[in-house]
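Here is how the chains run, residue by residue.
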Amino acid sequence: MDSIIGIEIYPMISLLIFFIFFTTLILWAFYTKKEFFSGVENLPLDEDGTYSETGNKIDLP
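Please read all numbers here as calculations on a predicted model, not as lab measurements.

(A) Expanded view of the overall build of the protein chain. Within the protein chain, the regular secondary structure consists of two helices and zero strands. When burial is assessed residue by residue, the protein chain has 7% of its 61 residues classed as buried. With an accessible surface of roughly 5800 Å², the protein chain has 69% of that area assigned to carbon and sulfur atoms.

Structure below.
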């Protein structure tokens, strides 16, 4: 690896991307309303998947 010029920057860039992504993910999960999670937790078991973010079923026309 000594023959590749400037290779030492790639591990730092990868660590920075990893840190930013997971920090953003944790902050999103922390600040997202609980109603959103309660609404989407039943989506895999729902027949048509038409729940709103408040957890209430959406009436389709």
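(B) Molecular detail of the environment of Thr24. The topology assignment puts Thr24 in helix H1 (residues 9-31). Separated by 2.7 Å, the side chain of Thr24 and the backbone oxygen of Ile20 make a polar contact.

(C) Quick look at a nonpolar patch on the surface. On the surface, Leu15, Leu16, Phe18, Phe19, Ile20, Phe21, Phe22, Leu25, Trp28 and Phe37 cluster together into a nonpolar patch covering about 1000 Å² of accessible area. If you tally residues by element for the nonpolar patch, the top one is H1, at nine residues. On the secondary structure map, Phe37 appears in helix H2 (residues 34-40).

(D) Local environment of the packing of aromatic side chains. A complete count under the given rule lists three aromatic pairs for this structure. With a centroid separation of 4.7 Å and an interplanar angle of 55°, the aromatic rings of Phe18 and Phe22 are classed as tilted. Separated by four residues within a single helix, Phe18 and Phe22 lie in helix H1, roughly one turn from each other. Residue classification places Phe22 among the partly exposed positions, given a relative accessible area of 35%. Ring centres of Phe21 and Phe22 lie 5.0 Å apart, and the angle between their planes is 85°; this geometry places the pair in the edge-to-face category.

(E) Representation of the side chain of Thr32 within the structure. With respect to the helices, strands and loops of the structure, Thr32 is situated in the loop between H1 and H2. A distance of 2.3 Å separates a polar atom in the side chain of Thr32 from the backbone oxygen of Trp28.

Procedures and definitions
- Residues numbered from 1 in each chain as written.
- Predicted model: local features only at pLDDT ≥ 70, side-chain atom pairs only at ≥ 80, totals over all residues.
- Heavy atoms only, no water.
- Helix = DSSP H or I, 4+ residues; strand = E, 2+ residues; numbered from the N terminus.
- Buried < 20%, exposed > 50% of the residue type's maximum accessible area, 1.4 Å probe, protein only.
- Areas by Shrake-Rupley, 256 points an atom, 1.4 Å probe, with all protein chains shown as cover.
- Polar contact = N/O pair within 3.5 Å; in protein donor to acceptor, adjacent residues only side chain to side chain.
- Patch = residues over 30% accessible without salt bridge, like charges linked within 9 Å, V, L, I, M, F, W, Y side chains within 5 Å.
- Salt bridge = Lys/Arg side-chain N within 4 Å of Asp/Glu carboxyl O.
- Phe/Tyr/Trp six-rings, centres within 6.5 Å; stacked < 30°, edge-to-face > 60°.

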